[in-house]
Amino acid sequence: MQKAQGTDVVSFLHAGVRGAAAYALCPAALALSACAPAAASPPVAAPQAAPAVLDIAAARVVDLTHPITPEMPLYPGSKPYASETVRTVEKDSYYLNRFSMDEHAGTHVDAPAHFKAGTPTVEQIAPEHLAGPAAVVDVTAKVAASPDHQVTVDDLRGWEARHGALGARHIVLIRTGWGARWSEPAKFLNQDAKGVMHFPGVSVEASRYLSERGVRCIGIDTLSTDPGPSQTFDQHKAFLGVGGYHIENLANLEQLPEAGAVVVVAPLPLVRGSGAPARVLALVPASGEPAR
């Protein structure tokens, strides 16, 4: 088994993790099993059923990444993706393009250094923090009522009541339904007459709640983990400032169950990068039902 950036995959699968689902490789079934989460303080309800077994060979792979195009929605002030053809098969016997884009465009990762000097840059995010069980928190109904909804501690506790305590290995994915607007940038930014954007995000209180449980990653299907009207980026400062990282502009979260999938996050390892475009994939059990 080869190692990637010093992390042995088998060791990762066998590693017991406090406060989160632990994994074990079953030689007989070649399956990835999630053990019951450890108790957290304050206590939350235990899972209602035993965790499903993820058979890697039969798992469905869901791409949570938007394609990178010049037309994709961008945070105001960002430069569009650009590409030029440098070589062609017809003239040079091989095909080659040169591209440019901002670090925080498309489906991408925010490193801790994005908002706090002296913290890890994107290539320094530990590999073991880039893969783990997905906790899909569905707030689509609340967003339908208010596009400025901020994920609350109660939203997170609702997930825990159904699936058990959140912990250090979890990758928490916020499903707002906003990804359906991706192909229409004006609707995705949702700016009012004064240019203020209106889209959902995560509250500072919810971010601190996750940090206290050891969660290192929050992902969302919007332009930012801070709600659209924010000008001070308090959520970024609260979560990145203590060593967490974000995934923004996720796609296809509606194809994931609330629990049971495993997510792999693969940002470009840009040296001294404040963030980077990322390919994000989810492995879903063959019997897994999409989130409703």
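Rules and cut-offs
- Residues numbered from 1 in each chain as written.
- Predicted model: local features only at pLDDT ≥ 70, side-chain atom pairs only at ≥ 80, totals over all residues.
- Heavy atoms only, no water.
- Salt bridge = Lys/Arg side-chain N within 4 Å of Asp/Glu carboxyl O.
- Helix = DSSP H or I, 4+ residues; strand = E, 2+ residues; numbered from the N terminus.
- Buried < 20%, exposed > 50% of the residue type's maximum accessible area, 1.4 Å probe, protein only.
- Phe/Tyr/Trp six-rings, centres within 6.5 Å; stacked < 30°, edge-to-face > 60°.
- Lys NZ or Arg CZ within 6 Å of the ring centre and 35° of its normal.
- Contact = heavy atoms within 4.5 Å.
- Pairing = 2+ DSSP bridges.
- Axes fitted to C-alpha atoms, helices over the stretch in contact; angles between N-to-C directions.
- Parallel < 35°, antiparallel > 145°, perpendicular 65-115°, else oblique.
- Polar contact = N/O pair within 3.5 Å; in protein donor to acceptor, adjacent residues only side chain to side chain.
- pLDDT = per-residue confidence, 0-100.
- Core = buried A, V, L, I, M, F, W, Y, C linked by side-chain atoms within 4.5 Å.

Participant: How should the pattern of salt bridges be read in this particular structure?
Facilitator: Think of it this way: side chains of opposite charge can pair up when their charged atoms draw near. Per the counting criterion, the structure on display carries seven salt bridges. Close ionic contact of aspartate 138 with arginine 175 constitutes a salt bridge, the shortest N to O distance being 2.8 Å. Of this pair, aspartate 138 sits in strand E10 (residues 131–138) while arginine 175 is found in strand E12 (residues 171–175), placing the two residues 37 residues apart along the sequence. Judged by relative accessible area, which is 13%, arginine 175 ranks as buried. For glutamate 258, the salt bridge is made with arginine 162, and the minimal N-O distance between the two is 3.0 Å. Within this pair, whereas glutamate 258 is found in the loop between strand E15 (245–248) and strand E16 (262–267), its partner arginine 162 is found in helix H4 (residues 153–163), the two being separated by 96 residues in sequence.

Participant: What's the story with the packing of aromatic side chains in this structure? I'm lost.
Facilitator: Aromatic rings in a pair are described by how distant their centres are and how their planes are angled relative to each other. For the structure shown, the criterion picks out four aromatic pairs. An angle of 50° between the planes, with centres 6.3 Å apart, marks the rings of tyrosine 75 and phenylalanine 233 as tilted. Placement of the pair is tyrosine 75 in the loop between strand E6 (60–63) and strand E7 (82–87) and phenylalanine 233 in the loop between strand E14 (217–220) and helix H7 (234–240), with a sequence separation of 158 residues. In this structure tyrosine 75 comes out as partly exposed when scored by relative accessible area, which is 25%. Relative accessible area serves as the criterion here: at 23%, phenylalanine 233 is assigned to the partly exposed category. Chaining the aromatic ring pairs together yields one cluster made of Tyr75, Phe115 and Phe233. Cation over ring: arginine 181 sits above tryptophan 178, and NZ or CZ is 3.8 Å from the ring centre.

Participant: How should I be thinking about the environment of methionine 72 in this particular structure?
Facilitator: As for its placement among the helices and strands, methionine 72 is situated in the loop between E6 and E7. The exposure class of methionine 72 is buried, given its relative accessible area of 5%. Taking the C-alpha atoms as reference points, methionine 72 and glycine 106, separated by 34 residues in sequence, lie 7.0 Å from one another. Apart from residues no more than four positions distant in its own chain, methionine 72 is found in contact with Pro67, Tyr81, Met101, Ala105, Gly106 and Trp182.

Participant: Which parts of the structure should I look at to understand the pairing of E10?
Facilitator: A regular strand places its side chains on the two faces of the sheet in alternate fashion. The buried count for E10 comes to seven of eight residues, which makes it a mostly enclosed element. By the bridge criterion, three bridges tie E10 to E16 in an arrangement that is antiparallel. Counted as the bridge partner of glycine 132 is valine 263 from E16. Alignment of E10 against E12, held across five bridges, turns out to be parallel. Bridging across to E12, valine 137 finds its partner in isoleucine 174.

Participant: What am I meant to see in the packing of H4 against helix H6 (residues 204–212) here?
Facilitator: Each pair of packed helices can be described by the angle between their axes along with the distance between the axes. With their axes 8 Å apart at the nearest point, H4 and H6 run at an angle of 40° to one another. Here H4 is positioned oblique relative to H6, judged by the angle of their axes. Packed against H4, whose contacting residues are Val153, Leu156, Arg157 and Glu160, the element H6 presents Glu205, Ala206, Tyr209 and Leu210 at the interface.

Participant: I tried to follow the side chain of threonine 225 on my own but got confused; where do I start?
Facilitator: Topologically, threonine 225 is positioned in the loop between E14 and H7. The buried category is assigned to threonine 225, whose relative accessible area is 0%. In terms of polar contacts, threonine 225 uses its side chain to reach the side chain of histidine 236, at 3.5 Å. Each residue touching threonine 225, except ones within four places of it in the same chain, is listed here: Gly201, Val202, Ile218, Ile220, Gln235, His236, His246 and Glu248.

Participant: Looking at this structure, how should I read the confidence of the model for the protein chain?
Facilitator: Averaged over all residues, the pLDDT of the protein chain equals 86, while 80% of them reach at least 70. A low-confidence stretch, residues 1–42 stays under pLDDT 50, and its non-local contacts, those more than four residues away or across chains, total 81 contacts. In this model residues 45–51 is a low-confidence stretch, pLDDT under 50, and it forms 13 contacts with partners more than four residues away in sequence or in other chains.

Participant: I'm lost on the nonpolar core in this one. Help?
Facilitator: Counting residues in each nonpolar core, the largest one holds 30 residues, and the members touching the most others are Leu156, Leu166, Val172, Ile174 and Leu210. Of all the secondary-structure elements, those providing two or more residues to this core are E10, H4, E12, helix H5 (185–189), H6 and E14. Setting aside its immediate chain neighbours within four residues, valine 172 contacts Ala135, Val137, Leu166, Leu210, Val215, Cys217, Ile218 and Gly219. Residues Ile125, Leu130, Val136 and Val265 belong to the second largest nonpolar core, which totals 25 residues.

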